[in-house]
Amino acid sequence: MPEVLTAPRKPGTRHAWHLYHLRLHLDRLREDREAIFRALRAENIGASVHYLPVHLHPFYRERFGTGRGLCPAAEDAGDRLLTLPLFPQMTDADVADVIEALAKVIRWARR
């Protein structure tokens, strides 16, 4: 799916695979990350958002007055990252369900 970029892997390295992130190419989608997140949840896929840029956390906003615009690269990544389910007990059927639901949602969200 050209609208989705998976984590890069460098030759000679091993990934811990404690999370499975996707980076959405929002310029190729008519929906934002939140809509895609909600659509995956509606398909019974436990997608989540793990990383909010630190300067956007309430503590930093309240304590230091930080906000959007301070770190544009982090904000862009934060707006486009989505985490798919990944756990040791996942079966091949579970993986197939996630892939099928993601494909369905991306088809719906395409421009």
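Residues numbered from 1 in each chain as written. Predicted model: local features only at pLDDT ≥ 70, side-chain atom pairs only at ≥ 80, totals over all residues. Heavy atoms only, no water.

Q: So what exactly am I meant to see when it comes to the overall build of the chain here?
A: Broken down by element type, the chain carries four helices and three strands. Reading the secondary structure of the chain in the N-to-C direction produces β-β-α-α-α-β-α. Its C-alpha atoms give the chain principal-axis dimensions of about 45 × 35 × 25 Å. Looking at the chain residue by residue over its 111 residues, the buried ones come to 33%. Pairs at least 24 apart in sequence give 61% of the contacts found in the chain among residues at least 6 apart. For the chain, the accessible area works out to roughly 7,600 Å², and carbon and sulfur atoms hold 55% of it. Computed over 17 positive and 14 negative side-chain charges, the inter-centroid distance for the chain is 5 Å. (Helix = DSSP H or I, 4+ residues; strand = E, 2+ residues; numbered from the N terminus. Buried < 20%, exposed > 50% of the residue type's maximum accessible area, 1.4 Å probe, protein only. Contact = heavy atoms within 4.5 Å. Areas by Shrake-Rupley, 256 points an atom, 1.4 Å probe, with all protein chains shown as cover. Lys, Arg positive; Asp, Glu negative; His and termini not counted. Charge placed at Lys NZ, Arg CZ, Asp CG, Glu CD.)

Q: In this structure, what is going on with the packing of aromatic side chains? I would like to understand it.
A: Describing an aromatic ring pair means giving the distance of the ring centres and the angle of the ring planes. Throughout the structure, instances matching the rule amount to four aromatic pairs. Arranged with centres 5.5 Å apart and planes meeting at 20°, the rings of W17 and Y20 form a pair that is stacked. Accessibility expressed as a relative area gives 29% for W17, which makes it partly exposed. On the accessibility criterion, Y20 (26% relative accessible area) is partly exposed. For the ring pair F59 and F64, a centre distance of 6.2 Å and an interplane angle of 80° mean the geometry is edge-to-face. Classification of F59 as partly exposed rests on a relative accessible area of 45%. Among the residues examined, F64 registers a relative accessible area of 52% and is labelled exposed. By the ring-pair criterion, three or more aromatic residues cluster together here, those being F59, Y60 and F64. (Phe/Tyr/Trp six-rings, centres within 6.5 Å; stacked < 30°, edge-to-face > 60°.)

Q: Can you walk me through the pattern of salt bridges in this structure?
A: Taken as a whole, this structure holds six salt bridges when the rule is applied. The partner of E34 in a salt bridge is R33, with the nearest N and O atoms 2.9 Å apart. Take E34: its relative accessible area is 33%, and that puts it in the partly exposed class. For R33, a relative accessible area of 9% puts it in the buried group. (Salt bridge = Lys/Arg side-chain N within 4 Å of Asp/Glu carboxyl O.)

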